[in-house]
Amino acid sequence: MEKELSQKSITFSTVLRVLENSKLNQLIIEDNMTVRNARRKDFADILRIYARAREYMKQSGNPAQWGTAFPPETLIRDDIREKRNYVVETESGVHGVFAFIEGEDPTYARIEGAWRSDAPYGTIHRIASDGEVKGVFAAAITFCKTRTSHLRIDTHKNNATMRRAIEKAGFKKCGIIYIEDGSPRIAYELTLEEAGLG
């Protein structure tokens, strides 16, 4: 089934169409960039991208966020199986990966600060790029906006690159949340209504 997207929902790239069926969710973007559900055949590319991201974090003063082995392979496989993992690809291959999960996130139940909206939301986790093409983060956000009008995301205080990207995308800082191991993360939120797009 092909569903045309309204112009007001598009902020980063011109979306041509969303193709949906029982096996594949796919967003095709004008600059030959596609966002789609990850498949088992993408596993090696996903591992490569995460390894590249961890090395970048280490070199840029943020070695603690993902350490040497996050996300674990079991979590990546679970993400793929549950169809919550997505890849960003161009004609030259897969260059980005992220998890998108709709519904309540347990780590967001308590926040030092305040969320801007209590409406149902989707959360972006484990987003990474191999750094070989531009626009991976923007493509991921554009895709997620086709799924929900309310997004949340978090990152480590030392992840300056991600913080800049999140804030450039229009997310507002809401406070501090704590992930499962007890370490803090800066939490952000975006509502399309607040941005004048809903």
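The rules behind these values
Residues numbered from 1 in each chain as written. Predicted model: local features only at pLDDT ≥ 70, side-chain atom pairs only at ≥ 80, totals over all residues. Heavy atoms only, no water. Phe/Tyr/Trp six-rings, centres within 6.5 Å; stacked < 30°, edge-to-face > 60°. Helix = DSSP H or I, 4+ residues; strand = E, 2+ residues; numbered from the N terminus. Buried < 20%, exposed > 50% of the residue type's maximum accessible area, 1.4 Å probe, protein only. pLDDT = per-residue confidence, 0-100. Contact = heavy atoms within 4.5 Å. Core = buried A, V, L, I, M, F, W, Y, C linked by side-chain atoms within 4.5 Å. 1 Å grid on protein atoms, 1.4 Å probe; cavity = no way out; pocket = protein on both sides within 12 Å on 5 of 7 lines; lining within 4 Å. Points joined across faces, edges and corners; volume = space filled by probe spheres on them. Nonpolar A, V, L, I, M, F, W, Y, C, P; charged D, E, K, R; others polar. Polar contact = N/O pair within 3.5 Å; in protein donor to acceptor, adjacent residues only side chain to side chain. Salt bridge = Lys/Arg side-chain N within 4 Å of Asp/Glu carboxyl O.

Some details on the packing of aromatic side chains
- In the structure shown here, the tally under the stated rule is seven aromatic pairs.
- Note on Tyr50 and Trp66: the rings are 5.5 Å apart at their centroids and 75° apart in plane angle, and the pair reads as edge-to-face. Of this pair, Tyr50 sits in helix H1 (residues 43-59) while Trp66 sits in the loop between H1 and helix H2 (73-81); the two residues are 16 residues apart in sequence, bridging distant segments of the chain. The exposure classification of Tyr50 matches that of Trp66, with both residues buried.
- Taking the centre distance of 6.4 Å and the plane angle of 35° together, the rings of Tyr108 and Tyr121 count as tilted.

A few points about the confidence of the model for the protein
- Chain-level pLDDT for the protein is 86 on average; 82% of the residues reach the 70-or-more range.
- Overall, residues 1-24 carries pLDDT values under 50, and its contacts beyond four positions in sequence, including any with other chains, amount to 51 contacts.

With respect to the nonpolar core
- If you look at the biggest cluster of nonpolar residues, it comprises 25 residues, and the most contacted ones within it are Phe98, Ile124, Phe137, Leu151 and Phe171.
- If you list the elements that add at least two residues to this core, you get strand E4 (33-37), strand E5 (85-90), strand E6 (93-102), strand E8 (122-129), helix H3 (136-145), strand E9 (150-155), helix H4 (160-168) and strand E11 (184-191).
- Take this core: its biggest share by element is seven residues, from H3.

A look at the layout of surface pockets
- Of the voids in this model, the largest pocket is the one considered here, and its volume is about 1,400 Å³.
- Lining the largest pocket are 47 residues, and of these Gln65, Trp66, His125, Arg126 and Ile127 sit closest to its centre.
- Per element, the largest residue contribution to the lining of the largest pocket is seven residues, and it comes from E8.
- Split into classes, the residues belonging to the lining of the largest pocket amount to 22 nonpolar, 13 polar and 12 charged.

Let's talk about the side chain of Asp79
- Tracing the sequence through the fold places Asp79 in helix H2.
- At 3.1 Å, the side chain of Asp79 forms a polar contact with the side chain of Arg126.
- Once you skip the residues sitting within four places of it in the chain, Asp79 turns out to touch Arg84, Asn85, Ala99 and Arg126.

Points about unusual backbone geometry
- In this structure, the amide linkage connecting Phe70 to the following residue, Pro71, adopts the cis form with an omega of -5°.
- Looking at the secondary structure, you find Pro71 in the loop between H1 and H2.
- Despite not being glycine, Lys83 shows a phi value in the positive range, around 60°.
- By the secondary structure assignment, Lys83 is in the loop between H2 and E5.

Overview of the pattern of salt bridges
- Taken as a whole and judged by the stated rule, the model has 12 salt bridges.
- A salt bridge links Asp79 to Arg84, with the shortest nitrogen-to-oxygen separation between them at 2.5 Å.
- Residue classification places Asp79 among the buried residues on the basis of a relative accessible area of 2%.
- Owing to a relative accessible area of 25%, Arg84 belongs among the partly exposed residues under this scheme.
- For Asp79, the salt bridge identified is with Arg126, shortest N-O distance 3.1 Å. Within this pair, whereas Asp79 is found in helix H2, its partner Arg126 is found in strand E8, the two being separated by 47 residues in sequence. The residues Asp79 and Arg126 share a single accessibility class, namely buried.
- Among the ionic contacts, a cluster of salt bridges with common partners joins Arg36, Lys41, Asp42 and Glu89.

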